[in-house]
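Residue-level listing of the chains:
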Amino acid sequence: MRRRADGRPPSDDCSRHSGGSEGPAVSGPQKLYLCPVRQLGLCLTIAIFLLSRPCWAQQRARLELPYQHGTVVIEADQIRGETDQRVIAEGEVVVSFEDAALRSERLIYLQDRQVVVSDGPLELTQGIQWLRGSSGEFNLAEGTGVIRDADGYTDEELFVKAKVLYKTGPDTFEAEDGLLTACDEAFPKWSFRINKATIRVDSRTTLRHTVLKIKKIPVFYFPYILIPAGQKERSSGFLIPSTGNSNNKGRRVTQALYLVLGRSADLEVRADYFSDRGLAQGFTFRARPNNQSFLYLDAYGINDRLDQGGASLNGTGETRFGDGYRLVADFNLASNFTFRRVFSDSFFAATRPTEDSRLFLTNNFGSSSFNFRLARAETVFPGRNAVIRNGPAFNFKISGNRLGGTPFYYDLETTAEGVSRVDSRIETPGLSQRLDLHPQLYFSLPLFQGLRLSPRLAVRETFYSDSLRIDEDGNAAVGSDSFNRRYFDLRLDLKGWGLSRVYERQEGSWKHLIEPQVRYRWTHGIEDFDQIIRYDEEDAIANTNEVEYSLVNRIFVKRRSRQGSFTHEWLSLRVGQKYFIDPDFDGAWQLGRFNQFFPLNTLTGFPYGGLRRRFSPLTSVARFNPSRGTSFDMRGDFDLEFNRFRNFSLTGFYYKPRFSVATTYFLTQRLEPGTFENNQLQSQIRYGNLQRGLSASTVFSYDAREKRFLNSRSRVNYFWDCCGVSVEFQRLNVGLRREREIRFSFFLKGIGAFGTIRRPDRIF
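Cut-off values and rules
- Residues numbered from 1 in each chain as written.
- Predicted model: local features only at pLDDT ≥ 70, side-chain atom pairs only at ≥ 80, totals over all residues.
- Heavy atoms only, no water.
- Helix = DSSP H or I, 4+ residues; strand = E, 2+ residues; numbered from the N terminus.
- Rg over C-alpha atoms; globule rule 2.2 N^0.38 Å.
- Lys, Arg positive; Asp, Glu negative; His and termini not counted.
- Charge placed at Lys NZ, Arg CZ, Asp CG, Glu CD.
- Disulfide = S-S within 2.5 Å.
- Buried < 20%, exposed > 50% of the residue type's maximum accessible area, 1.4 Å probe, protein only.
- Contact = heavy atoms within 4.5 Å.
- Pairing = 2+ DSSP bridges.
- Core = buried A, V, L, I, M, F, W, Y, C linked by side-chain atoms within 4.5 Å.
- Phe/Tyr/Trp six-rings, centres within 6.5 Å; stacked < 30°, edge-to-face > 60°.
- Salt bridge = Lys/Arg side-chain N within 4 Å of Asp/Glu carboxyl O.
- Polar contact = N/O pair within 3.5 Å; in protein donor to acceptor, adjacent residues only side chain to side chain.
- pLDDT = per-residue confidence, 0-100.

### Some thoughts on the overall build of the protein
- Scanning the protein from terminus to terminus reveals three helices and 47 strands.
- Taking 764 residues into account, the globule formula puts the C-alpha radius of gyration at 27 Å, and the protein, at 38 Å, lies well above it.
- Its C-alpha atoms put the protein at 125 × 70 × 50 Å along the principal axes.
- Across the protein, the 104 positively charged side chains and the 89 negatively charged ones have centroids separated by 4 Å.

Put into structure tokens, the structure is as follows:
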């Protein structure tokens, strides 16, 4: 039964007497008893009250009496005193005390004991509590009582029904022989059978030897269970066990223990038993000691029967100090890649090739910043993985500062750090030095018709304590000879000029804008390119002499709506290309190998350095936004050397409140060294919403070249007002892992979930 805003059920119409003049007439003459002297005041009050009633028979009777914690207010159609300590109220009786109200057709108040007795149906409201029963009694002084054949809400969501409900304190109850549910039905969709339960309002409900029932069917037995109540505050205890099935790992049973570590931290310790693999353990620790700090740690490991086990530790954390300093940690560590592929719960975690870990301290002040960093990156390769360490690293940067009163601006970046690299070809010392100084000077020169020329001049010098030696057979070895890289960089940007025209239409106006852009770049001074150890992208820079040019078409649409007119970019199309005046990059480009360095890693996200070329592929980017909630992004590179498209990608989404589609498709061709064939589609489709009724979603990655699903996760949900059910099917086919798994979860309103379904993957 649902409650009204005042806490009473819809059938309760006691309010019809408030302030009205149509109440029932007072019954015949009242019978009074002689009173002892010590009760003379009470007797006189009742006598005057009763003798005066015929004068205002149209009003309800009201009596106020003192008790231990304040005043008891009794309102009824009739009130009479049978003895000096016994008051009987009849007809729509309401007894108010503190923040509680007791309603019945007939109530007896025993003043000496401060007890209210009802031998007929009653209702009790107190705060968020609303209870009713066939009879009961309450001790106002002690805040205790009993309700027989009770049902109602001790919580905003949970409904309790009991043969006997004892009120053991102001906010505590003991229930016997009944059920607990959140469903508003005669036969609830789910319920917990009550043999004996302890209910603490705004805290928790404790059930012993209980059975979870779906309708009338028992499905699970719990010897002991804690259910959050009231404000749903955290409490320690065992979580509901869950189960699932996998053709790769067998039956999975999960049990977790949740521990509250004060107001600002908690810990979840869990164990997964796989019938085909063995026992896995893990924990999740969360802490937020203050508004400026948080920490999240997740660890997991298994001694696998099939020798694919291992351990992982992931975490993020942040804390802010005074004077603008911020310390951040973000790390992902796994003992081996096989373990991560086999036991990761998400497709992304199972397939990402790199484990990144970093810790940095930063402070931004004005246009300057200071950074301290420790970093480690391990990338999976055939044979030996590549492990690169950066740190300790100290970095200082100044950006966008004006040089006195001149029109010139300058940037400055300097870094001092220790670095190392280990892979299948080389192994550097545990700590090599790299010192870098990079000042830049730039300004903007207006020409005509809005056209602007922006020159940028930079000098960069980098010191390496170690370098590479290449023998006659092309083998590389790390030497202790120091090495200085020094180069000059000139960049000229010409842009700002464009052609535009506005077209007026009855439904709204639109604007077409054409913008040409030209950039010239000359980098000179880098010698002995092959002696530089590649720690990161800052080391893969070669001399260049190039021109980049592009043409951008943009269409803006102005439309009217009920909220007024608005303008958005309906379509943009950019076509660009590079011309390399020096196609050999001063000797850095080598035939027959994968050339990937700056500037060959610009213009497009796909490599094209396998061929000696003067013209880069012609790259195009189109963005189409036909309406709010709909967007498409198309990219492609057309190679003039092969006269065909090298790659193509399409990304888009369509969103409506009950239906959405997000997809990305990409195609690559194997045309030269460093390229490979690929043809994949990733999509996410969603229907309905998780609040009520039927909903479904699916996320998948499909390899069209090999004609197989790499990953798919489909989920169907149905939610009622008090519960919901979800069924999920997942399939993985990546390397060592070919797995199909079915998961199930049953969601109970006000309690939680029973099952193993995880949060769905995202492709954006």
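From this point, the discussion proceeds with the structure in view.
### What about unusual backbone geometry?
- In this chain, Gly391 is followed by Pro392 through a cis amide linkage whose omega measures 0 degrees.
- Checked against the element boundaries, Pro392 lands in strand E26 (residues 386-402).
- A positive phi angle is found at Asp177, which is not glycine, with a value near 55 degrees.

### Comments concerning the state of the cysteines
- Scanning the entire structure with this criterion turns up one disulfide.
- The partner cysteine of Cys183 in its disulfide is Cys722, sulfur to sulfur 1.9 Å. Taking the torsion about the S-S bond as the criterion, the Cys183 to Cys722 disulfide, at about 85 degrees, is right-handed. Of this pair, Cys183 sits in the loop between strand E12 (172-181) and strand E13 (190-200) while Cys722 sits in the loop between strand E44 (708-719) and strand E45 (723-734), and the two are 539 residues apart along the sequence.
- Accessibility expressed as a relative area gives 3% for Cys183, which makes it buried.
- The class for Cys722 is buried, based on a relative accessible area of 1%.
- Here Cys723 is not disulfide-linked; the sulfur of Cys722 is the nearest cysteine sulfur, at 4.1 Å.

### A few points about the side chain of Ser712
- By the secondary structure assignment, Ser712 is in strand E44.
- Once you skip the residues sitting within four places of it in the chain, Ser712 turns out to touch Val699, Phe700, Phe729, Gln730 and Arg731.

### A short note on the pairing of strand E11 (residues 159-169)
- Here eight bridges tie strand E10 (residues 144-153) to E11, and the two strands are oriented antiparallel to one another. If you follow Val146 over to E11, its bridge partner there is Tyr166.
- Between E10 and the antiparallel strand that follows it, E11, lie five residues.
- Two elements, E11 and E12, share nine bridges in a ladder whose sense is antiparallel. Residue pairing in the sheet places Val160 in a bridge with Leu180 of E12.
- Two successive antiparallel strands, E11 and E12, enclose a turn made up of two residues.

### Brief notes about the nonpolar core
- Core analysis: the largest hydrophobic core is formed by 51 residues, its most contacted members being Ile74, Val95, Leu102, Tyr109, Trp190 and Phe192.
- When residues no more than four places from it in sequence are discounted, the contact partners of Val95 are Val72, Val73, Ile74, Ala100, Ala101, Leu102, Leu107 and Val116.
- Counting 22 residues, the second largest nonpolar core, distinct from the first, contains Val419, Ala476, Phe529 and Phe580.

### Section: the packing of aromatic side chains
- According to the stated counting rule, one finds 24 aromatic pairs in the structure shown.
- Ring geometry for Tyr153 versus Phe159: centroids 5.3 Å apart, planes at 70 degrees, classification edge-to-face.
- With 5.0 Å between their ring centres and 50 degrees between their planes, Tyr579 and Phe615 make a pair best called tilted. Placement of Tyr579 in strand E37 (residues 564-580) and of Phe615 in the loop between E37 and strand E38 (618-627) is noted, with a sequence separation of 36 residues between them.

### Side note on the pattern of salt bridges
- For the structure on display, the rule yields 51 salt bridges.
- Among the salt bridges present, the one from Glu546 reaches Lys578, with a minimum N-O distance of 2.9 Å. Here Glu546, found in strand E36 (residues 544-561), pairs with Lys578, found in strand E37; they are 32 residues apart in sequence, far enough to count as distant.
- Overall, Glu546 belongs to the buried group, its relative accessible area being 4%.
- Taken together, the shared-partner salt bridges in this structure form one network comprising Arg373, Glu417, Arg434, Asp536 and Asp539.

### What to know about the environment of Thr414
- You can see Thr414 is positioned in strand E27 (residues 409-422).
- Taking C-alpha positions, Thr414 is 8.3 Å from Phe394, a pair spaced 20 residues apart along the chain.
- Filtering out sequence-adjacent residues up to four positions away, Thr414 remains in contact with Phe394, Asn395, Phe396, Asp436 and Leu437.
- A polar contact is formed between the side chain of Thr414 and the backbone oxygen of Asp436, at a distance of 3.1 Å.

### Quick look at the confidence of the model for the protein
- Mean pLDDT over the protein works out to 86, with 90% of the residues at or above the 70 mark.
- Highest mean pLDDT in the protein belongs to strand E28 (residues 432-442) (97); lowest belongs to helix H1 (residues 40-51) (51).
- Low pLDDT (under 50) marks residues 52-58, which in the prediction has 13 contacts with non-local residues, meaning those over four places away or in another chain.
- The low-confidence segment residues 760-764, where pLDDT is below 50, has 19 contacts with residues more than four positions distant or belonging to other chains.

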